[in-house]
Amino acid sequence: MTTTVLDSSFFHVCFQELWGLAESIKKKCSDVFSDCPVPTDGGYIKVDPALHSTIASLLAEAANLKKMLAIPEKAGFKETSEQFAFRTERTTLLNEALQFPPLVEVSRVETRNSVEHFDQYLDRASLSLKRSESTESGMALYNMVLSSWSVFDKKSFPLKVYVADERKYFNLELVADLNALHAECTDLIARIRAIGAFK
């Protein structure tokens, strides 16, 4: 006898997991915004490893949130046909219940991947730079927080850089919009509450 998602004793846990991830991402984004205010006068540059750790953590959670809601196109490695069918049904039902528009920023996992596999991405950038014929001077910025790009008067190559006035995190040529992540998670939390998932 085939077991459906609605027969599962754990389907409600999916909503709790989504809520927990969204709440955590939202809080961490808010913490970043609070720790990196936009000055009304002047600007700043700082090195803050703890803040970068927070950003890496929220990006990893966003990737997990995406996996919870992404309707799969094919079975994963070592996933049985029964497991694949169950996962497809689960993600479809979650999306139908939440009536959620596409998670645009949450679905962009490239920046998270570039942080998790930073050494590999750095190797590629090094080789690309070596092959480049450009003679334009610039500087590499690593593990920094800037109030704005305007604090530098020359071209900068970002390696894990957060820019406060844009609320964006730059790593190599990839960008994560923390403001958009915060908004999407806020909306998701409201939708979970609206359907009474915790009643």
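Above this note sits the structure.
Remember, it's a predicted structure, so these values are computed and weren't measured experimentally.

J.: What is the right way to read the packing of helix α1 (residues 11-35) against helix α3 (residues 81-98) from this model?
T.: To describe two helices that pack against each other, one gives the angle between their axes and the distance between the axes. Where α1 meets α3, the axes come as close as 11 Å, and the angle between the chain directions of the two elements is 65 degrees. Judged by the twist between their axes, the crossing of α1 over α3 is right-handed. Contacts between α1 and α3 involve F11, C14, F15 and L18 from the former and R90, L93, L94, A97 and L98 from the latter. Of the residues assigned to the contact of α1 with α3, the class counts are eight nonpolar, no polar and one charged.

J.: Before we go on, may I ask you to explain the pattern of salt bridges in this structure?
T.: Between side chains of opposite charge, a pair can form as their charged atoms come close. Throughout the structure, instances matching the rule amount to seven salt bridges. Residue R193 is joined to E23 by a salt bridge in which the shortest nitrogen-to-oxygen separation is 3.3 Å. Taken together, the residues span a long stretch of sequence, with R193 in helix α6 (residues 178-194) and E23 in helix α1 at a distance of 170 residues. Since its relative accessible area comes to 51%, R193 is described here as exposed. With a relative accessible area of 23%, E23 lands in the partly exposed category. Note that E105 and R108 form a salt bridge whose closest N and O atoms lie 2.9 Å from each other. E105 sits in the buried class, given a relative accessible area of 6%.

J.: I keep staring at the nonpolar core and nothing clicks. Help me out?
T.: For soluble globular proteins, the rule of thumb is that nonpolar side chains tend to be buried together. With 37 residues, the main nonpolar core has L65, Y162 and L178 as its most contacted residues. Taken together, the elements giving at least two residues each to this core come down to α1, α2 (49-69), α3 and α6. With 10 residues, α1 is the single largest residue contributor to this core. Counting six residues, the second largest nonpolar core, distinct from the first, contains L141, L146, F152 and V161.

J.: What should I look at first to understand the packing of aromatic side chains in this one?
T.: Given two aromatic rings, one states the distance between the centres and the angle between the planes to describe the pair. For the coordinates displayed, the defined rule picks out three aromatic pairs. A ring pair is formed by F118 and Y142, whose centres lie 6.2 Å apart and whose planes are at 25 degrees; its orientation type is stacked. With F118 in helix α5 (residues 118-131) and Y142 in strand β2 (residues 139-146), this pair connects stretches of sequence that are 24 residues apart. Using a relative accessible area of 13% as the deciding quantity, one classes F118 as buried. For Y142, a relative accessible area of 46% corresponds to the partly exposed category. With centroids separated by 5.2 Å and ring planes inclined at 70 degrees, the aromatic side chains of W149 and F170 adopt a geometry described as edge-to-face. Here W149, found in the loop between β2 and β3 (156-163), pairs with F170, found in strand β4 (residues 168-171); they are 21 residues apart in sequence, far enough to count as distant. The side chain of K160 reaches across the aromatic face of F118, ending 4.4 Å from its centre. Its guanidinium or amino end placed over the ring of F33, R167 lies 3.8 Å from that ring's centre, counting from NZ or CZ.

J.: Mind showing me how you'd approach empty space enclosed by the protein here?
T.: The gaps left among the atoms become clear once a water-sized probe is rolled over them. Applying the stated rule across the entire model yields one cavity of 30 Å³ or more. A volume near 50 Å³ is recorded for the largest cavity. Contributing to the lining of the largest cavity are L59, A62, A63, E105, V106, R108, V109, R112, A176 and L181. Top contributing element to the lining of the largest cavity by residue count: α2, with three residues. Within the lining of the largest cavity, the residues separate by chemical class into seven nonpolar, no polar and three charged.

J.: Would you mind showing me how to read unusual backbone geometry here?
T.: Excluding glycine, residues mostly have negative phi values, and the peptide bonds linking residues are mostly trans. Positive phi, close to 55 degrees, is recorded for N143, a residue that is not glycine. Structurally, the position occupied by N143 is in strand β2. At R167, a position not held by glycine, the phi torsion is positive, near 55 degrees. Turning to its location among the elements, R167 is positioned in the loop between β3 and β4.

Criteria and cut-off values
Residues numbered from 1 in each chain as written. Predicted model: local features only at pLDDT ≥ 70, side-chain atom pairs only at ≥ 80, totals over all residues. Heavy atoms only, no water. Axes fitted to C-alpha atoms, helices over the stretch in contact; angles between N-to-C directions. Helix = DSSP H or I, 4+ residues; strand = E, 2+ residues; numbered from the N terminus. Left-handed = near helix turned anticlockwise from the far one by under 90°. Contact = heavy atoms within 4.5 Å. Nonpolar A, V, L, I, M, F, W, Y, C, P; charged D, E, K, R; others polar. Salt bridge = Lys/Arg side-chain N within 4 Å of Asp/Glu carboxyl O. Buried < 20%, exposed > 50% of the residue type's maximum accessible area, 1.4 Å probe, protein only. Core = buried A, V, L, I, M, F, W, Y, C linked by side-chain atoms within 4.5 Å. Phe/Tyr/Trp six-rings, centres within 6.5 Å; stacked < 30°, edge-to-face > 60°. Lys NZ or Arg CZ within 6 Å of the ring centre and 35° of its normal. 1 Å grid on protein atoms, 1.4 Å probe; cavity = no way out; pocket = protein on both sides within 12 Å on 5 of 7 lines; lining within 4 Å. Points joined across faces, edges and corners; volume = space filled by probe spheres on them.

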